[in-house]
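Single-letter residue listing:
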Amino acid sequence: MTMAGPAIFESAATLSTLLATRKISAVELLREFTARVDAVDGRVRAFNSRDDAGALRLAAESDARRAAGRELGPLDGLPVAFKDVIAVDGQPLTCSSRMLANFVSPYDATVTTKLRAAGAIPWGRLNLDEFAMGSSTENSAFAPTANPWDLRCVPGGSSGGSAAAVAAGETPWALGSDTGGSIRQPAAFCGIVGLKPTYGLVSRYGLAAFASSLDQIGSLARTVEDAAVLLGAIAGHDERDSTSVRAEVPDYRAELGRRKGPWRLGVPKEFFGAGLDPEIEAAVRAAMEFYRRAGCEIREVALPLASEYAIAVYYLIATAEASSNLARYDGIRYGHRAAGATDAIDIYARSRAEGFGEEVKRRIILGTHVLSSGYYDAYYLRAQKVRTLIRAEFQNVFAACDALLSPTTPTPAFPLGAKVADPLAMYLNDIYTIGVNLAGLPAISVPCGFTSAGLPIGLQIIGRPFAEADLLAVASAYEQAHDWHRRHPQLP
Amino acid sequence: MNQTSDFDIDYVANLARLALTQAEKERFARQLGEILHYVEKLRQVDVAGVEPTAHASPVFNVWQADEPRPGLAVDAALRNAPAARDHQIVVPRVVE
Amino acid sequence: MKFEAVIGLEVHVQLRTRSKMFTRVAAGYGEPPNTLTDPVVLALPGALPVMNKAALDQIIKAGLMLGCTIAPVCKWDRKNYFYPDSPKNYQISQYDQPICRGGAVEIELPGPARNIMGEHKRIPLTRIHLEEDVGKLTHGAADSLVDYNRAGTPLMEIVSEPALHSAEEAFAFLTSLRLTLQQGGVSDCDMEKGQLRCDANVSIRPVGETRLGTKVELKNLNSISFVRDGIAHEIRRQIAVVEGGGAISQETRQYDGEAGTSAAMRSKEMAHDYRYFPDPDLMPVQVDEAWKAAIRATVPELPFDRQRRLMERFHLPYTITSVLVPDPAQADFFEAAAAPGGQAQAIGNWIANDLLRELAGANRTLAESPIRPAHIAGLVQLVDTGVISSPGAREVFAQMFRTGERPEVVVERLGLRQATDTGDLERWVAEAIAANPKAAAEFKAGNEKALNAVKGAVMKAAKGKANPKLVDEAVRRQLG
């Protein structure tokens, strides 16, 4: 077993420069990462599958383009790993579920098409909580991913494979999806950057839907700049997604250089109450102090409705939408079909019982119930009304703030198996992230320290709709003044 | 809001086409009962006159012109089919 | 006890568009199975719907034609149920905000005789909404096969008020609706291709009772005739049940058109809990006055309106208009021929009887007809002005159909011009009178019919080419 070369922990920006200056070829670069995955993924279990041969072919094509002076831009030749919920033509799309264990996608998601057009190499399917339902990746039907900082701990979820793979140097960056915190929370647990864009900025065409009004594809990376570049490559209006917004997509990287602050930063006072780990609180307050010393105005704001009700609202709306979105998984046209089913009802009930894991079934049952006759008004409709109030609450707060600061998670990464028995306890992990999805806002998690046990701590920054450029600038200012992003886990 | 004890797991499981074991039914009924109890707190919120969130922003008429576009070749369409014959999906006999 | 039937119809009509309702793969019929699919049609993971603008145009047009109120805003809902022909296991439809409300279908019931227009009624509609069609299931002995070519085709659901009271009315409703939608270009309404499907809700009640009886849903009515027959059968069945002391159960029954019987069907979805909720993937639709005005400008004259106008303006008999109106091309042809102001009834007759017969015999369409409107107009004028006789006109018509020549040309070529030269005519009349003294005397004595012998002799002398009217005049004059 060989140690992979130095490239594996470099930022994508650096790798892009190395490719551009011919210090390394795309093929060599990819081989470094495949070697790294071979070396460590047995213990990390971030990857569901890889298409090394296909990726090497694309890498060779990239090198040929570069040799001919026809490179496609800064992403040409860089591998990108995908959370196994995003369609890549010819690659498995399992959603980490037995239901889709053998499903191969016959089409590309829009984000995939855009990345291909930029010369990036779609490589590797990353583990997740089954159908993106979970906060620890323990709900994967295949295997639980481990946190590279402590292999006995969870990497977070549902994009746990994406976060762990980036943290462990197995891929320079990755795509994930975030419905209630599923990019930000694992990014925080794994000490990397995780960015969820404004709802509607990135096309959902090709993202296996969990909760249609909440899902967004976003970037997980080593640095804010990388996260910005990857976002820029996938963002933009898409005719195939009716919820996609015609918003201008600026050059996020260029804007990083131009926007320097100072900013008016709000701190939701409810987010610092009981249940917040003291070490996390200390790290986040230190970050707030950094901003204050840098000239930013730090002001306490109130989010009483979001802090009190967001989880309840989320679990009614998300499960309702999911119960409908997952109805298509029936073993009829694709997916797992139970053997020996005798009639049309039987085939559904047994195929789905065998194909879905426990958390997925639980959420489908809950979602079906809240939509069912006699319960719709009291549950789903009421939740959507409270959601309107939560959205208005955030809007009010943003009248006087450019961004909000908070911890990303109330606790650091917990041990594998610690929370599986209590679904409600697991849901309460999402307390800081979930309101953001209800309001459709952009948000980013950046590393801001470590616990005394050596587990990463994440700082969440929340921005105004379609103000990713400002959000990234606020995040970058903190990052560049600290060294957290240069620390990497030592895998034994 | 109805009592959470009104939660009929058999009815819902049938609607959702999920064959649950007896143990699962008991476990889910208990866990979902707790979750439904938790969400009861939403009753405290005054939602009089509040519109439910339909979409992130009030946009209308998002459509495409009626221009046909190539679809999937039949082999690609059926590539993942658990059972197919004569280019059609096979399902157990449906009695209407 | 006398019973009255109360019937409501639910009609699904496929809209004529090039691509499907929520994705741009081609819509079509008769293609090899599963060749009109894409990730959206098959409900693959990650697929998303996008509205088809033309489908909205079509339903607005249908709504305007049927006098509906077009909703200024409407939205999409998911109707959740599991079935093998429904890829997402939910159907995108419209639940509480349909795009059209109200409206009516004008129907005509059979009259007391074939040539007498029957009673007209307006059957009110409840609503019309847009949804997507499902795939096609073919049932075999051991299993069933699914073809998703049809899945996702734009479908209009038209719901009538329970305002029909007989199988005949239902038949009339569907024929009128079909004709209107066909002529609007909204759908070809070919029931054999599944482009128009109808379910009926049938109940009975004692005459005078205002509350509705228990209704039975009738399905598998695969032709307009089967709709009529199935409803008639169901009315009889319900009456028999009630008269036998039983009660009608609310159920769904499948009609067997060949056997003329019906049977209760297995219920598909327990208690029909569809869990409707607004589809988060689709934006609502806003229809403004400008859009409606643009569609309104494309709406043709409704069939019954056209029929009334033709009867009124041109004094056409009912039977002729009944032939012309169902095919707008025929009605257009007629109006083009009659517009210059000729004998409209004669023009109508030539087209409705003779031209259509010849075309059918030659297996040609009206568009391929060698005879054009001006030909008919010209022919009728030649008869009207006495240039040719009626038998002569038949010959001219036959020639025109063969060659497409104008009638005047044919008349000259065949020498069919009637003799109107009064000199010849007076001479022939005088000779005929002289040769038929007995007939002449009988006529003078008051026997009208005796004239025919004299006139016949004149025609013989004229070799058939005399204008009968002029002959009649001349003979009467010479006989005093």
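The structure presented is a predicted model; accordingly, all values stated were derived computationally and were not measured. (Residues numbered from 1 in each chain as written. Chains lettered and ligands numbered in written order. Predicted model: local features only at pLDDT ≥ 70, side-chain atom pairs only at ≥ 80, totals over all residues. Heavy atoms only, no water.)

(A) Broad picture of the environment of valine 216 of chain C. Tracing the backbone shows valine 216 of chain C in strand S14 (residues 216-221). Those residues in contact with valine 216 of chain C that sit more than four places away from it in its chain are Ala200, Asn201, Val202, Glu234, Arg237, Gln238, Ile248, Ser249, Glu251 and Arg253 of chain C. (Helix = DSSP H or I, 4+ residues; strand = E, 2+ residues; numbered from the N terminus. Contact = heavy atoms within 4.5 Å.)

(B) Representation of the interface of chain A and chain B. Facing 60 residues of chain A, the contacting portion of chain B comprises 53 residues. Across the chain A to chain B interface the summed buried area is about 5,100 Å²; carbon plus sulfur atoms make up 67%. Here chain A is connected to chain B by 3 salt bridges. Lysine 361 of chain A is paired through a salt bridge with glutamate 24 of chain B; the nearest N and O atoms lie 3.0 Å apart. If you look at where chain A meets chain B, you find 16 residue pairs in polar contact (both at pLDDT 80 or more). (Buried area = accessible area lost by both parts, 1.4 Å probe. Salt bridge = Lys/Arg side-chain N within 4 Å of Asp/Glu carboxyl O. Polar contact = N/O pair within 3.5 Å; in protein donor to acceptor, adjacent residues only side chain to side chain.)

(C) Structural detail: the domain arrangement of chain C. Under the domain assignment, chain C is made up of domain 1 (3-294), domain 2 (303-414) and domain 3 (422-479). Averaged C-alpha coordinates put domain 1 of chain C and domain 3 of chain C at centres separated by 68 Å. (Domains from an automatic or database assignment.)

(D) Summary view of the nonpolar core. Grouped together as the largest cluster of nonpolar side chains are 218 residues, with contacts concentrated most on Leu115, Phe131, Leu175, Tyr291, Ile365, Ile444 and Ile461 of chain A. It is helix H10 (residues 304-325) of chain A that contributes the most residues to this core, 13 residues altogether. (Core = buried A, V, L, I, M, F, W, Y, C linked by side-chain atoms within 4.5 Å. Buried < 20%, exposed > 50% of the residue type's maximum accessible area, 1.4 Å probe, protein only.)

(E) Molecular detail of the pairing of strand S16 (residues 261-264) of chain C. Residue and element names in this part refer to chain C. Relative to S16, strand S15 (residues 252-256) is paired through 4 bridges, and the arrangement is antiparallel. Across the sheet, the residue bridging to aspartate 256 is threonine 261, located in S16. If you look at the hairpin formed by S15 and S16, you'll find 4 residues sitting between the two strands, and glycine 260 has a positive phi there, around 70°. (Pairing = 2+ DSSP bridges.)

(F) Focus on the side chain of aspartate 241 of chain A. Looking at the secondary structure, you find aspartate 241 of chain A in the loop between helix H7 (224-234) and helix H8 (252-258). Despite its burial, aspartate 241 of chain A pairs with no opposite charge; the closest candidate is arginine 204 of chain A, at 4.0 Å N-O. Leave out the neighbours within four places in its chain, and aspartate 241 of chain A touches Val202, Ser203, Arg204 and Tyr205 of chain A together with Leu48 and Val50 of chain C. (Lys, Arg positive; Asp, Glu negative; His and termini not counted.)

(G) Region of interest: the sheet that holds strand S10 (residues 443-450) of chain A. All names here are of chain A. Taking strand neighbours across the sheet as the criterion, the 11 strands line up as S1-S3-S2-S4-S6-S5-S10-S11-S9-S7-S8 in an open arrangement whose pairing is mixed. Two strands close off the open sheet at either side, each with one partner strand: strand S1 (47-49) and strand S8 (297-301). Averaged over all pairs of adjacent strands, the angle between strand axes in this sheet comes to 35°, irrespective of strand direction. Two strands pair when backbone bridges link them, and S10 and strand S11 (residues 456-463) are joined in this way by 7 bridges, in the antiparallel orientation. Note on S11: the bridge partner recorded for valine 446 is leucine 459. Contacting S1, strand S2 (79-83) and strand S3 (121-126), helix H2 (residues 26-44) crosses the sheet at an angle of about 10° to S3. (Axes fitted to C-alpha atoms, helices over the stretch in contact; angles between N-to-C directions.)

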